[in-house]
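The chain contents come next:
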Amino acid sequence: SGNSVSSISKKFRKADETIHVRLAGVDAPECAHFGQPGQKYGPAARKWLSERLDGKRVRIRILRLDQYNRVVASVSQKPSWWRRTRDISRELIDAGYGVVYRGKEAEHYGKLEVLEAAERQAQKRRVGMWRDGVKKVVNPQTYKRSMRKEK
């Protein structure tokens, strides 16, 4: 069946297999893994995300596969019929636990301006990883690059 987006999509419909999804447009602080230390707000970002998504129904729009064959998707959730649909990437950034992903294969699903505005607001409100001030935040992409150089 290969690793095309359509074959991944069929797996979602079967729902008998867990597929890890990379949130489109956002990069969050790293958690410790593979013997590497994590970033200060990595665990808090993971906790924020799991509190909102674990056991919840979400809509996943598969956009593509990244260079490591991971599914890149926009993820949304509608908590109840009377509440608006929530864009998880935007909310993660707005909570201060993510930055707009600007890597060479960045996928913003037509929402780059919305994501950038959420990032500016989170910085201004000093929430999440911005609590200590903008100058103290190490972008997750910069952090990962520095970890690769140390190896």
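Computed from a predicted model, the values in this text were never measured in an experiment. (Residues numbered from 1 in each chain as written. Predicted model: local features only at pLDDT ≥ 70, side-chain atom pairs only at ≥ 80, totals over all residues. Heavy atoms only, no water.)

(A) A look at the packing of aromatic side chains. This model, assessed by the stated rule, comprises 1 aromatic pair. Taking 5.7 Å as the distance between ring centres and 80 degrees as the angle between the ring planes, the aromatic pair formed by W81 and W82 counts as edge-to-face. Classification of W82 as exposed rests on a relative accessible area of 61%. (Phe/Tyr/Trp six-rings, centres within 6.5 Å; stacked < 30°, edge-to-face > 60°. Buried < 20%, exposed > 50% of the residue type's maximum accessible area, 1.4 Å probe, protein only.)

(B) Representation of the nonpolar core. Counting 23 residues, the largest nonpolar core has L23, L92, I93, Y97, M129 and W130 as its most contacted members. Listing elements by their share of this core, those giving two or more residues are α2 (42–53), β4 (71–77), α3 (88–94), β6 (99–100) and α4 (112–125). Counting residues in each nonpolar core, the second largest holds 5 residues, with I62, L65, V71 and A73 among its members. (Core = buried A, V, L, I, M, F, W, Y, C linked by side-chain atoms within 4.5 Å. Helix = DSSP H or I, 4+ residues; strand = E, 2+ residues; numbered from the N terminus.)

(C) α4, seen in detail. For α4, spanning 14 residues, the distance from its first C-alpha to its last is 20 Å, which sits close to the expected 20 Å at 1.5 Å a residue. Along α4, the positions that sit buried rather than exposed are L115, A118, E119 and A122. End-on, the buried residues of α4 take up no more than an arc of 100 degrees, which puts them together on one face. Turned more than 90 degrees away from the buried face of α4 sit E113, R120 and K124, all of them exposed. Those residues of α4 that are buried are in contact with α3 and β6. Residue R126 follows α4 closely and has a positive phi angle near 55 degrees. (Expected span 1.5 Å × (residues − 1). Arc of directions from axis to C-beta. Contact = heavy atoms within 4.5 Å.)

(D) Looking closely at the side chain of S74. Following the sequence through the fold, S74 ends up in strand β4. Taking the relative accessible area as the measure of exposure, S74 reaches 9% and is therefore buried. Excluding anything up to four places from it in sequence, S74 contacts A24, R59, I60, R61, L63 and Y109.

(E) Expanded view of the pattern of salt bridges. Taken as a whole, this structure holds 12 salt bridges when the rule is applied. Note that E91 and R86 form a salt bridge whose closest N and O atoms lie 3.2 Å from each other. Overall, the relative accessible area of 15% leaves R86 in the buried class. Note that D87 and K111 form a salt bridge whose closest N and O atoms lie 3.8 Å from each other. Here K111 lies in the loop between β6 and α4 and D87 lies in strand β5 (residues 86–87), a separation of 24 residues in the sequence. The exposure class of K111 is partly exposed, given its relative accessible area of 32%. A single network of salt bridges, built from pairs that share partners, joins K47, E51 and R52. (Salt bridge = Lys/Arg side-chain N within 4 Å of Asp/Glu carboxyl O.)

(F) Representation of unusual backbone geometry within the structure. With phi around 40 degrees, Y109 is a residue other than glycine that occupies positive phi space. Its place among the elements puts Y109 in the loop between β6 and α4. A relative accessible area of 11% places Y109 in the buried class. The backbone of R126 shows a phi angle near 55 degrees, a positive value even though the residue is not glycine. Counting through the fold element by element, R126 comes out in the loop between α4 and α5 (140–150). Relative accessible area serves as the criterion here: at 46%, R126 is assigned to the partly exposed category.

(G) Representation of the pairing of β4 in the model. Of all 7 residues making up β4, 7 are buried, and the element is well covered by its neighbours. Burial of β4 is two-sided: the residues V71, A73, V75 and Q77 facing one way and the residues V72, S74 and S76 facing the other way are all buried. Relative to β4, strand β1 (residues 21–23) runs parallel, the two sharing 3 bridges. Paired with L23 across the strands is A73, a residue of β4. Examined bridge by bridge, strand β3 (residues 59–65) and β4 share 6 bridges and lie antiparallel to one another. Note that in β4 the partner of L65 across the bridge is V71. In this structure, the hairpin formed by β3 and β4 is closed by a connection of 5 residues, where N69 is found at a positive phi of approximately 65 degrees. Bridge count between β4 and β5: 2 bridges; the pairing is antiparallel. Looking across to β5, one finds that Q77 is bridged to R86. (Pairing = 2+ DSSP bridges.)

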